[in-house]
Amino acid sequence: MKVVKFGGSSLASGAQVEKVYHIIAADPERKIVVVSAPGKRYSDDIKVTDLLIGCAEKYLKGQDAHQLVEAILSRYESIAQELHLSNEVIRKISDDLLTLLSGDKSNPASFIEAVKASGEDNNAKLIAAALKHKGLDAHYVSPKEAGLLVSNDPGNARVLSQSYERLYELRNRPGITVFPGFFGYNTNGDVVTFSRSGSDITGSILANGVKAELYENFTDVDAVHAVNPNIVHHPKEIRELTYREMRELSYGGFSVFHDEALIPAFRAGIPVNVKNTNNPEAPGTRIVSARKNTDGPVVGIASDDKFCSIYVGKYLMNREIGFGRKILLILEEFGLSFEHIPSGIDDMTVIVRQNQMEEKVEKKIMQRIMADLDADEVRVEHDLALIMLVGEGMRQKVGTMARASRALADAKINIEMINQGSSETSMMFSVKEAVERKAVQALYHEFFAEVRV
Ligand SMILES: Nc1ncnc2c1ncn2[C@@H]1O[C@H](COP(=O)(O)OP(=O)(O)O)[C@@H](O)[C@H]1O
Ligand SMILES: N[C@@H](CC(=O)OP(=O)(O)O)C(=O)O
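An unreviewed UniProt entry lists the protein chain under the name Aspartokinase, with Sporolactobacillus shoreicorticis given as the organism. Quoted verbatim from the Sequence similarities (unreviewed entry) field of the UniProt record, the comment on the protein chain reads "Belongs to the aspartokinase family." The annotation that UniProt attaches to the protein chain under Function (unreviewed entry) is "Catalyzes the phosphorylation of the beta-carboxyl group of aspartic acid with ATP to yield 4-phospho-L-aspartate, which is involved in the branched biosynthetic pathway leading to the biosynthesis of amino acids threonine, isoleucine and methionine."

**Focus: the overall build of the protein chain**
Each helix and strand in the protein chain was counted, giving 14 helices and 17 strands. Taken over C-alpha atoms, the radius of gyration comes to 24 Å for the protein chain, in line with the 22 Å a tight globule of 453 residues would show. Along the first, second and third principal axes, the C-alpha atoms of the protein chain reach 70 × 55 × 40 Å. When contacts within the protein chain are restricted to residue pairs at least 6 apart in sequence, those whose partners lie at least 24 apart make up 74%. Averaging the coordinates of the 54 positive side-chain charges in the protein chain and doing the same for the 62 negative ones gives two points 2 Å apart.

**Observations concerning the side chain of glutamate 248**
Mapped onto the fold, glutamate 248 is located in helix α9 (residues 243–252). Here the side chain of glutamate 248 touches serine 426 through a polar contact of 2.6 Å, side chain to side chain. In contact with glutamate 248, not counting residues within four places along its chain, are Met388, Val390, Ser423, Thr425 and Ser426.

**Concerning α9**
Residues that lie three or four places apart on an α-helix share one face, since the helix turns once every 3.6 residues. By the criterion of burial, α9 is predominantly enclosed, with eight of the 10 residues buried. After α9 finishes, the residue glycine 253 shows a positive phi value of roughly 135°.

**Some thoughts on the packing of aromatic side chains**
A ring pair, where both rings are aromatic, is described by two values, the distance of the centres and the angle of the planes. This model, assessed by the stated rule, comprises five aromatic pairs. Centroid distance phenylalanine 6 to phenylalanine 218: 5.0 Å. Interplanar angle 15°. Geometry classified as stacked. Here the residue phenylalanine 6 occupies a position in strand β1 (residues 2–6), and phenylalanine 218 occupies one in strand β7 (residues 214–219), the gap between them amounting to 212 residues. Between tyrosine 215 and phenylalanine 257, the ring centres sit 6.3 Å apart and the planes meet at 55°, which makes this aromatic pair tilted. With tyrosine 215 in strand β7 and phenylalanine 257 in the loop between α9 and α10 (262–267), this pair connects stretches of sequence that are 42 residues apart. The same class applies to tyrosine 215 as to phenylalanine 257, namely buried. Its guanidinium or amino end placed over the ring of tyrosine 140, lysine 125 lies 5.3 Å from that ring's centre, counting from NZ or CZ.

**A closer look at the nonpolar core**
Ranked by internal contacts, the top residues of the largest apolar core, which has 72 residues, are Val3, Leu170, Ile301, Leu389 and Leu443. Look past the residues within four positions of leucine 443 in its chain and what remains in contact with it is Ile301, Ile387, Leu389, Ala404, Ala407 and Leu408. By size, the runner-up hydrophobic cluster in this structure holds 44 residues, among which are Phe6, Val33, Phe111 and Ile127.

**What about unusual backbone geometry?**
For phenylalanine 182, which is not a glycine, the phi torsion comes out positive at approximately 85°. Along the chain, phenylalanine 182 turns up in the loop between β4 (176–180) and β5 (183–185). Here the phi dihedral of lysine 306 falls at roughly 65°; this positive angle occurs in a residue that is not glycine. Relative to the helices and strands, lysine 306 resides in strand β13 (residues 300–313).

**Concerning the site of ligand 1**
In the vicinity of ligand 1 lie 18 residues, with Ser9, Thr219, Asp220, His225 and Phe254 positioned nearest. For ligand 1, an oxygen atom lies 2.8 Å from a polar atom in the side chain of aspartate 220. Asparagine 230 places a polar side-chain atom, nitrogen or oxygen, 3.3 Å from an oxygen atom of ligand 1. Its free accessible area being 570 Å², ligand 1 has 84% of it covered by the protein chains. Listing elements by their share of the shell around ligand 1, those giving two or more residues are β7 and β8 (224–225). Its residues assigned to classes, the shell around ligand 1 shows eight nonpolar, eight polar and two charged.

**Considerations on the packing of helix α2 (residues 48–61) against helix α5 (residues 108–133)**
Where α2 contacts α5, the two axes come as close as 9 Å, and the packing angle between them is 150°. Between α2 and α5, the angle is such that the two are roughly antiparallel. Handedness of the crossing formed by α2 with α5: right-handed. Contacts between α2 and α5 involve Val48, Thr49, Leu52, Ile53, Ala56, Glu57, Tyr59 and Leu60 on the former and, on the latter, Pro108, Phe111, Ile112, Val115, Lys116, Ser118, Gly119 and Glu120. Considering only residue class, the contact of α2 with α5 consists of 10 nonpolar, three polar and three charged.

**Observations concerning the environment of alanine 407**
Tracing the backbone through its elements, the reader meets alanine 407 in helix α13 (residues 400–410). A C-alpha to C-alpha distance of 9.4 Å links alanine 407 and phenylalanine 447, two positions 40 residues apart in sequence. Residues contacting alanine 407, with those up to four places away along its chain left out, are Ala442, Leu443 and Glu446.

**Observations concerning the pairing of β7**
Burial of β7 is extensive: six of the six residues sit out of reach of the surface. Alignment of β1 against β7, held across five bridges, turns out to be parallel. Bridge pairing in β7 links valine 3 to tyrosine 215. Where β7 meets strand β11 (residues 272–276), five bridges bridge the pair, whose relative direction is parallel. The residue bridging threonine 219 from the neighbouring strand is asparagine 276, located in β11.

**Here's the deal with helix α3 (residues 66–82)**
In this model α3 runs 24 Å from its N-terminal to its C-terminal C-alpha over 17 residues, within 8% of the 24 Å that 1.5 Å per residue would give. Those residues of α3 lying buried are Leu68, Val69, Ile72, Leu73, Arg75, Tyr76, Ile79 and Ala80. Summarising the contacts, the buried residues of α3 are in contact with α1 (14–25), α2, α4 (87–101) and α5. Immediately downstream of α3, the backbone of histidine 84 shows phi near 55°, a positive value.

About the thresholds
Residues numbered from 1 in each chain as written. Chains lettered and ligands numbered in written order. Predicted model: local features only at pLDDT ≥ 70, side-chain atom pairs only at ≥ 80, totals over all residues. Heavy atoms only, no water. UniProt positions renumbered as here; feature names shortened; annotations may be inferred. Helix = DSSP H or I, 4+ residues; strand = E, 2+ residues; numbered from the N terminus. Rg over C-alpha atoms; globule rule 2.2 N^0.38 Å. Contact = heavy atoms within 4.5 Å. Lys, Arg positive; Asp, Glu negative; His and termini not counted. Charge placed at Lys NZ, Arg CZ, Asp CG, Glu CD. Polar contact = N/O pair within 3.5 Å; in protein donor to acceptor, adjacent residues only side chain to side chain. Buried < 20%, exposed > 50% of the residue type's maximum accessible area, 1.4 Å probe, protein only. Phe/Tyr/Trp six-rings, centres within 6.5 Å; stacked < 30°, edge-to-face > 60°. Lys NZ or Arg CZ within 6 Å of the ring centre and 35° of its normal. Core = buried A, V, L, I, M, F, W, Y, C linked by side-chain atoms within 4.5 Å. Near = heavy atom within 4 Å. Areas by Shrake-Rupley, 256 points an atom, 1.4 Å probe, with all protein chains shown as cover. Nonpolar A, V, L, I, M, F, W, Y, C, P; charged D, E, K, R; others polar. Axes fitted to C-alpha atoms, helices over the stretch in contact; angles between N-to-C directions. Parallel < 35°, antiparallel > 145°, perpendicular 65-115°, else oblique. Left-handed = near helix turned anticlockwise from the far one by under 90°. Pairing = 2+ DSSP bridges. Expected span 1.5 Å × (residues − 1).

As structure tokens, this is what we get:
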């Protein structure tokens, strides 16, 4: 049995859904189908999920949202029309959405969650109807009915382990199960969503739950590339990656596969195959437990922006017991999570995501660190990008760091900070956002090929 997930780009129009049908029909093992909400049809199109969020916010403020409602419904309508489906399914989607929008708003966060998740929920109903119309024995199944229980963290849910036993029962369902991605239910029975792009996570959870032989993740590129194709044209395609490599690359900015989505598949030892809906014959990228390393030290280069660093310097910091704990405690009090903490003998730098640091918060944190730790210097550096070089091969290969820093130096790029985890599967460079692209291109050139930009 295979679990297949189709992303928003694979379900953005009737023509795309037609391709999805052919992919499912081509392999009887593709029994569980996880779907996202309709995504972008062209680069400046708006995803249904974003329309829904905008719509929910307007409703909460009591503003007129009829244009957004029409835009959302027209996305489903045009898919249904292209596929010659009956009006009944669209009427049902329309009724459900309008009932939801006019429903209880006493808890605004729960309201937004339910509206957001309706994008996938309604699409699963639509896709099930489309597959049925084309002759497949397809059925919509709700995450509630299937027992997908999650923690109560809106927009950041985690699966609860007791879900897995219930999800195993999906194996026994007849025909093809069409399951909405992106959300589950808390133990009170309310909708809670995963983080954005979280349908990948649902697919991985179901693959674990039903003990699938394979989790196929269909998207709009032939493979995971060694670098974001929006930064380097036609970069090398990666045929095989380990879970650890993919996890680091996803975290580092490879938006093609969600960084939280590997854990459930990894725990059950289920291989993941990233494939292209528009070219299903292409082999795609396989993500597995171990691979023979024939590719050199670096398998991929990821980058992400909008970070800032909090630098704290104090002479003889290394002798002071509890120094690091006190800094982290201050961040915890302000509700900040941190990403990395590179340190020297007299200084420590904490890297955080910039969206957590409003100006006022930043000022207060700096004052607190100065006062509580009697620091010599506290400095915040904004607009940083983090670049991750990833590859299990690095462990055996001497000189990778030297090659990377030489490549950046030759491109006249100043490295703000370097960090290498003890796993030696990745190394991280921080540079100013303004030179992020140039830095990634220089590194790609060094480790892979001539850059064609
Ligand atoms: N290293 C990479 N390899 C392939 N695609 C990447 C990479 N980094 C970023 N991407 C982007 O990820 C996109 C696919 O992810 P996404 O838009 O979330 O797909 P879906 O709609 O299928 O969920 C690609 O179109 C590509 O622009
Ligand atoms: N629709 C949700 C969940 C998702 O996974 O979407 P996509 O497959 O289009 O990345 C989002 O936009 O976040």
